[in-house]
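Reading the structure
Listed below, chain by chain, are the residues.
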Amino acid sequence: MVTEKLVRIEDEMDIVAAREVGREMARELGFGLVDQTRLATAISELTRNVIQYAGKGICMIRDASDSSYIRIQVVVEDNGPGIPDINKALQFGYSTSGGLGAGLPGTKQLVHEFQIVSHPGLTRVTIAMVRARVPEESHIPVGTQRA
Amino acid sequence: MRVPILKLGDILLTSIQMDLTDSDAQQFQNDVLHMVHEKNAKGLIIDITALDVVDSYMARILNDTAHMVRLLGAEVVLCGMRPAVAITLVEMGRELIGVDTALNLEQGMEKLRRRIAGRPGAAGG
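Scoring rules and cut-offs
- Along each chain, residues carry numbers from 1 onward, in the same order as the chain's sequence is written.
- Here the convention is simple: chains get letters from A, ligands get numbers from 1, in the order in which they are written.
- For this predicted model, a pLDDT threshold of at least 70 governs which residues receive local features, and a threshold of 80 or more governs which side-chain atom pairs are given and counted, while totals over whole chains, interfaces and linings are taken from all residues.
- Secondary structure is summarised from DSSP: a helix means a run of H or I of at least four residues, a strand means a run of E of at least two, and numbering begins at the N terminus for each.
- Throughout, radius of gyration means the C-alpha value; the globule benchmark is 2.2 Å times the number of residues raised to the power 0.38.
- For every residue, the other C-beta atoms within 10 Å of its own C-beta are counted; 20 or more classify it as buried, 12 or fewer as exposed, and values in between as partly exposed. C-beta atoms are placed from the backbone.
- Placing C-beta atoms from the backbone, we regard two residues as in contact once those atoms come within 7 Å.
- Nonpolar core, as used here: buried Ala, Val, Leu, Ile, Met, Phe, Trp, Tyr and Cys residues forming one set through C-beta atoms within 7 Å.
- The span expected for a helix works out to 1.5 Å for each residue beyond the first.
- Pairing between two strands is assigned when DSSP locates at least 2 bridges connecting them.
- Every angle, taken between N-to-C directions, lies between 0 and 180 degrees, and every axis is a line fitted to C-alpha atoms, over only the stretch in contact when it is a helix.
- What pLDDT conveys is the predictor's confidence in a given residue, as a value from 0 to 100.

Once that is clear, we can look at the overall build of chain B. Along chain B, the regular secondary structure elements total 4 helices and 5 strands. Against the 2.2 N^0.38 benchmark of 14 Å for 125 residues, chain B shows a C-alpha radius of gyration of 14 Å, consistent with a compact globule. Dimensions of chain B along its principal axes, counting C-alpha atoms only, are 45 × 25 × 25 Å. A total of 125 residues make up chain B; the buried ones form 36% of that total.

Take a look at the structure:
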């Protein structure tokens, strides 16, 4: 079963909505509180960029887990002007909007996977958080009790 | 949505209880500054126990608000940051530089009182 949720990003209320959807799915998939917070914060940064630079876009949050890993993937996409210099945008302290320039580089630090594609007319940032599944049974294999 | 600001003697107490949008956050900053000015407050406590996301925007608002309130001449203590929020902020490289913090409201109040008492010219009361 694939769970996938789409949040349209059209005004700043949608930033709050998107990060809530992300947190909720992360929680349902079994991510811990810190991971939920990291993901919600990353979604907040990326969707704010959409509002700020493109006006509107979408945020797609999906369960991409398999038998060994729990994995939540978020795609944030807009049809705005694009990021002129991605390498610069990924440096701390660089901002074209008068902000502090911590949004993109900060987001990158919070997640396990981070990809960005940007040209005029399309910016797509894909992030994912991944954790190994914790086996249902105890970690200690049968027959290895401590002395 | 507006964040309520309570007056307790010469101190203002505000607790952010809901997820703020960016304009709510700006409104909050504005309201706090006006209240500090109008009420001649000596100190301000900002309780963020209920905030489960502090992104770079909110961090900046909190940081700026604290610096602005200090410019007005009052002291500020931020209290109740959740551990997950602290971890996330530091990982993002967005620490709240130069803002006094406390574990909870009680310790925040204590810290604020000490700061107010320690200000030059505070001895006369």
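In terms of regular secondary structure, chain A is built from 4 helices and 5 strands. Listed by position from the N terminus, the elements making up chain A come as β-α-α-β-β-α-α-β-β. A burial count over chain A gives 33% of its 147 residues as buried. In chain A, of all internal contacts separated by at least 6 residues, the share reaching a separation of at least 24 is 63%.

Ranked by internal contacts, the top residues of the largest apolar core, which has 56 residues, are A:I43, A:C59, A:I72, B:L44, B:V76 and B:L78. With near-sequence residues (within four places) excluded, B:L44 lies in contact with B:L12, B:V32, B:V36, B:V69, B:A74 and B:V76.

So, on to helix 2 (residues 33-54) of chain A. Residue and element names in this part refer to chain A. Its 22 residues place the ends of helix 2 31 Å apart at the C-alpha level, agreeing with the 32 Å of an ideal helix rising 1.5 Å per residue. Across the 22 residues that make up helix 2, a large majority, 16, are buried. One or two residues past the end of helix 2 sits G55, with phi positive at roughly 90°.

With that out of the way, let us pick up the sheet that holds strand 5 (residues 122-132) of chain A. All names here are of chain A. Spatial strand order, 1-2-3-5-4: 5 strands in an open sheet with antiparallel pairing. Each edge of the sheet is formed by a strand with only one pairing partner; in this case those strands are strand 1 (4-9) and strand 4 (113-119). Neighbour-to-neighbour, the strand axes of the sheet open up by a mean angle of 10°, direction not taken into account.

On average, residues of chain A carry a pLDDT of 88, and 83% of them reach 70 or more. Taken element by element, the predicted model of chain A shows its lowest mean pLDDT in helix 3 (residues 86-89) of chain A (84) and its highest in strand 2 (residues 57-63) of chain A (98).

On to the sheet that holds strand 4 (residues 75-79) of chain B, then. Residues and elements named next belong to chain B. Spatial strand order, 1-2-3-4-5: 5 strands in an open sheet with mixed pairing. Bordering the open sheet on either side are strand 1 (5-8) and strand 5 (101-102), each of which pairs with just one other strand. Contacting strand 3 (43-47) and strand 4, helix 2 (residues 56-72) runs over the sheet at an angle of about 155° to strand 4. Of the strands in this sheet, strand 2 (11-15), strand 3, strand 4 and strand 5 are in contact with helix 4 (residues 105-117), which crosses strand 4 at around 165°.

Residues and elements named next belong to chain B. At N40, a position not held by glycine, the phi torsion is positive, near 50°. Along the polypeptide, N40 turns up in the loop between helix 1 (22-38) and strand 3. Accessibility expressed as a C-beta count within 10 Å gives 10 for N40, which makes it exposed.

Moving on, we come to the interface of chain A and chain B. Accessible area lost upon the coming together of the parts is a frequently used measure of interface size. Counting residues at the interface gives 20 residues for chain A and 18 residues for chain B. Listed by contribution, the elements that provide at least two residues to the side of chain A that touches chain B are helix 1 (12-29), helix 2 and helix 4 (103-110) of chain A. For the side of chain A that touches chain B, the element with the most residues is helix 2 of chain A, which contributes 9 residues.

A word on the environment of A:D11. Here A:D11 shows up in the loop between strand 1 and helix 1. Between the C-alpha atom of A:D11 and that of A:V134, which follows or precedes it by 123 residues, the distance is 38 Å.

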